[in-house]
Amino acid sequence: MIKLPVKIPFNSKVSPIQLPKASDRFKNYVNSESVVSGFGRTSERSQISKTLNFVNMRVVDNKDCLKLFGAKIVNENVICAKGWIAKNQNACMGGEETK
């Protein structure tokens, strides 16, 4: 979360997101649909995107994720997810995770 120095006008293309309630911090979201967004690459050879992209993903158990990526990446503050529709959907193209 960031604090901007000026107010941003909301419109059909710019809107706030709803963050989870503090009481939901320990809720189990495994198998829930999630939306991941960012300005990352859309393929291995593409440049960083100039537009915000998003992908629908399924939340997976961090124990399974830990086996794949290890404790340097996966901890209690990480939500692991995999492609909702296709296995090659991801949110880390060009980032730390490329599997």
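The shown structure was predicted, so the numbers you read here are calculated from the model rather than taken from an experiment. (Residues numbered from 1 in each chain as written. Predicted model: local features only at pLDDT ≥ 70, side-chain atom pairs only at ≥ 80, totals over all residues. Heavy atoms only, no water.)

1. Describing the overall build of the protein chain
- Helix and strand counts for the protein chain come out as one helix and three strands.
- Listed N to C, the secondary structure of the protein chain is β-β-α-β in terms of helices and strands.
- Among the 99 residues that make up the protein chain, the fraction classed as buried is 12%.
- Contacts in the protein chain between residues far apart in sequence, at least 24 positions, make up 42% of those at least 6 positions apart.
- Accessible surface, the protein chain as shown: approximately 9100 Å² in total, 55% of it carbon and sulfur. (Helix = DSSP H or I, 4+ residues; strand = E, 2+ residues; numbered from the N terminus. Buried < 20%, exposed > 50% of the residue type's maximum accessible area, 1.4 Å probe, protein only. Contact = heavy atoms within 4.5 Å. Areas by Shrake-Rupley, 256 points an atom, 1.4 Å probe, with all protein chains shown as cover.)

2. Here's the deal with the confidence of the model for the protein chain
- Overall, the predicted model of the protein chain reaches an average pLDDT of 81, with 86% of residues at or above 70.
- Mean pLDDT across the elements of the protein chain ranges from a minimum in strand β3 (residues 80–83), with 84, to a maximum in strand β2 (residues 53–60), with 88.
- Note on residues 94–99: pLDDT is under 50 here. Beyond four places in sequence and across chains, it has eight contacts. (pLDDT = per-residue confidence, 0-100.)

3. Quick notes on a nonpolar patch on the surface
- A cluster of nonpolar residues, I2, L4, V6, I8, F10 and V14, forms a patch on the protein surface that exposes about 590 Å² of accessible area.
- Assignment of secondary structure puts L4 in the segment before β1 (33–38).
- Relative accessible area serves as the criterion here: at 44%, L4 is assigned to the partly exposed category. (Patch = residues over 30% accessible without salt bridge, like charges linked within 9 Å, V, L, I, M, F, W, Y side chains within 5 Å. Salt bridge = Lys/Arg side-chain N within 4 Å of Asp/Glu carboxyl O.)

4. Topic: the environment of E76
- Within the element layout of this structure, E76 appears in the loop between α1 (62–69) and β3.
- Sequence separation between E76 and N62 is 14 residues; the distance between their C-alpha atoms is 8.2 Å.

5. Focus on unusual backbone geometry
- Notably, N31 is not glycine yet its phi reads approximately 75°, a positive angle.
- Tracing the backbone shows N31 in the segment before β1.

6. Topic: the state of the cysteines
- Under the definition given, this model contains one disulfide.
- One disulfide in the model links C65 with C80; its S-S distance is 2.1 Å. Of note, the bridge from C65 to C80 carries an S-S torsion of about -85° and is left-handed in sense. Here C65 is found in helix α1, whereas its partner C80 is found in strand β3, with 15 residues between them in sequence. (Disulfide = S-S within 2.5 Å.)

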